[in-house]
Amino acid sequence: SLTAGLDLPGRFLFATLTLMTLIAILVFIEEAVYIYRKIPSSKRSIIIWINAAAPVISTTSCIGMWIPRSAMFTDFTAGIFFAIVIHKFLMMMIKECGGQKVLLRRFENGHFTISTGPCCCCCLCLPRVPITSTFQFAVFRPVLVFLSIVLWTNDNYVLYNLSPKGPALWISCIVGALTLFALWAVGIMFRKVRVLLKCKNIIPKFALYQFIVILNHLQITIINMLATQKIIPCAPPLSSTVRGSYIAHQLLIMEMFLITVISRVIYRRKYHDLEPPECVAEEPRDKKQTP
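If you check an unreviewed UniProt entry, the protein chain appears there as OSTA protein from Tychaedon coryphoeus.

1. A word on the packing of helix α2 (residues 41-51) against helix α4 (residues 71-96)
It is at 8 Å that the axes of α2 and α4 come closest, and there the two elements cross at 140°. In terms of axis orientation, α2 runs oblique to α4. For the pair α2 and α4, the crossing hand works out as left-handed. Contacts between α2 and α4 pair Ser42, Lys43, Ile46, Trp49 and Ile50 from the former with Phe81, Ile84, Val85, Lys88, Phe89, Met91, Met92, Lys95 and Glu96 from the latter. Class assignment of the residues belonging to the contact of α2 with α4 gives a composition of nine nonpolar, one polar and four charged.

2. Points about the nonpolar core
In terms of nonpolar packing, the biggest core is built from 45 residues, with Phe89, Met93, Val186, Tyr209 and Met256 touching the most fellow members. For this core, the secondary structure elements donating two or more residues are α1 (8-38), α2, α3 (53-66), α4, α7 (167-193), α8 (202-228) and α9 (240-267). A total of 10 residues in this core trace back to one element, the largest contributor, which is α8. Once residues within four sequence positions are removed from consideration, Met93 is found in contact with Val186, Met189, Phe190, Val193, Leu197 and Ile202. The next biggest cluster of nonpolar side chains, apart from the first, holds nine residues, and it includes Phe14, Leu17, Cys62 and Met65.

3. Topic: the pattern of salt bridges
For the structure on display, the rule yields five salt bridges. For the salt bridge of Arg268 with Glu30, the shortest nitrogen-to-oxygen distance reads 3.0 Å. One end of the pair, Arg268, is in the loop between α9 and α10 (277-289); the other, Glu30, is in helix α1, and 238 residues separate them in sequence. For Arg268, a relative accessible area of 23% puts it in the partly exposed group. Judged by its relative accessible area of 32%, Glu30 is partly exposed. Notably, a salt bridge pairs Glu31 with Arg268, separated by 3.0 Å at the nearest N-O pair. Residue Glu31 is found in helix α1, and its partner Arg268 is found in the loop between α9 and α10; the two are separated by 237 residues along the sequence. Under the relative-accessibility criterion, Glu31 is labelled buried at 2%. Via salt bridges that share partners, Glu30, Glu31, Arg264 and Arg268 belong to a single interconnected network.

4. Things to note about a nonpolar patch on the surface
On the surface, a cluster of nonpolar side chains totalling about 440 Å² of accessible area is made up of Ile214, Leu218, Ile222, Leu226 and Ile231. Exposure remark for Leu218: the relative accessible area of 48% places this residue in the partly exposed category.

Rules used throughout
- Residues numbered from 1 in each chain as written.
- Predicted model: local features only at pLDDT ≥ 70, side-chain atom pairs only at ≥ 80, totals over all residues.
- Heavy atoms only, no water.
- Axes fitted to C-alpha atoms, helices over the stretch in contact; angles between N-to-C directions.
- Helix = DSSP H or I, 4+ residues; strand = E, 2+ residues; numbered from the N terminus.
- Parallel < 35°, antiparallel > 145°, perpendicular 65-115°, else oblique.
- Left-handed = near helix turned anticlockwise from the far one by under 90°.
- Contact = heavy atoms within 4.5 Å.
- Nonpolar A, V, L, I, M, F, W, Y, C, P; charged D, E, K, R; others polar.
- Core = buried A, V, L, I, M, F, W, Y, C linked by side-chain atoms within 4.5 Å.
- Buried < 20%, exposed > 50% of the residue type's maximum accessible area, 1.4 Å probe, protein only.
- Salt bridge = Lys/Arg side-chain N within 4 Å of Asp/Glu carboxyl O.
- Patch = residues over 30% accessible without salt bridge, like charges linked within 9 Å, V, L, I, M, F, W, Y side chains within 5 Å.
- Areas by Shrake-Rupley, 256 points an atom, 1.4 Å probe, with all protein chains shown as cover.

Set out below in structure tokens:
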């Protein structure tokens with residue numbers, strides 16, 4: 001068994017990381033109860049979804065740490081959930097502005113600048129277009145991960161086989177491209193509303209969201225590449241790839257635990273709703289009439 005092959009420090013590490021996962025789940029449950037009681041129903045479910053990202057990733061990583069063969073299924077679960085969270089974060093920014101109709105009234109004379117990261121930060125000559133990219137990621141990434149599991153069950157998909165003849169390389173490239181487009185769409189919206197929503201701490205919220213994206217995608221990709229190239233040495237009975245998977249899951253558990261605690265502090269504050277755009281437009285006129 002897994003625990004039989006661990007020494008005393010290894011068992012202590014596994015127990016500590018499992019305890020951190022359980023604490024993260026309890027913190028999220030307490031925060032979800034608070035949000036359900038204190039936050040208006042129009043924003044309640046969106047904020048709960050976003051706060052659940054870190055505990056869910058921590059839980060799937062804990063399961064993958066204890067049961068290495070379940071890595072495909074835990075990644076599938078985390079992939080589906082996080083695809084939804086990316087879309088929910090975009091919806092949260094729209095809700096915080098007062099909804100889609102109010103957002104359009106606020107920026108009826110403006111346009112969305114798409115020359116922003118991570119795709120087009122250097123292309124200043126690009127036109128201004130509406131946002132539609134997050135829907136692609138929310139739909140297509142789970143489909144691709146499900147296809148990977150189907151191929152894996154038939155021994156046609158090997159996670160660490162990145163040869164051009166295998167499907168793993170091509171599926172990973174498509175998922176990576178979809179991730180960039182989804183982050184690009186959220187970045188466009190954030191750039192437009194960050195000044196307006198500064199009073200609602202949108203910048204720290206966006207920073208936490210970006211940290212989850214980087215840690216859950218870029219960090220795992222780098223560790224898997226290092227394990228595939230044998231840069232991460234094997235430690236019998238663990239191969240390089242299995243050891244890389246352990247390292248990735250253990251790092252994610254610690255990082256998601258910290259993000260869960262920080263999210264509780266940021267989202268638990270009480271923020272006042274923004275004034276309707278008509279009131280904002282009338283304020284300068286009233287000030288001009290004052291002697």
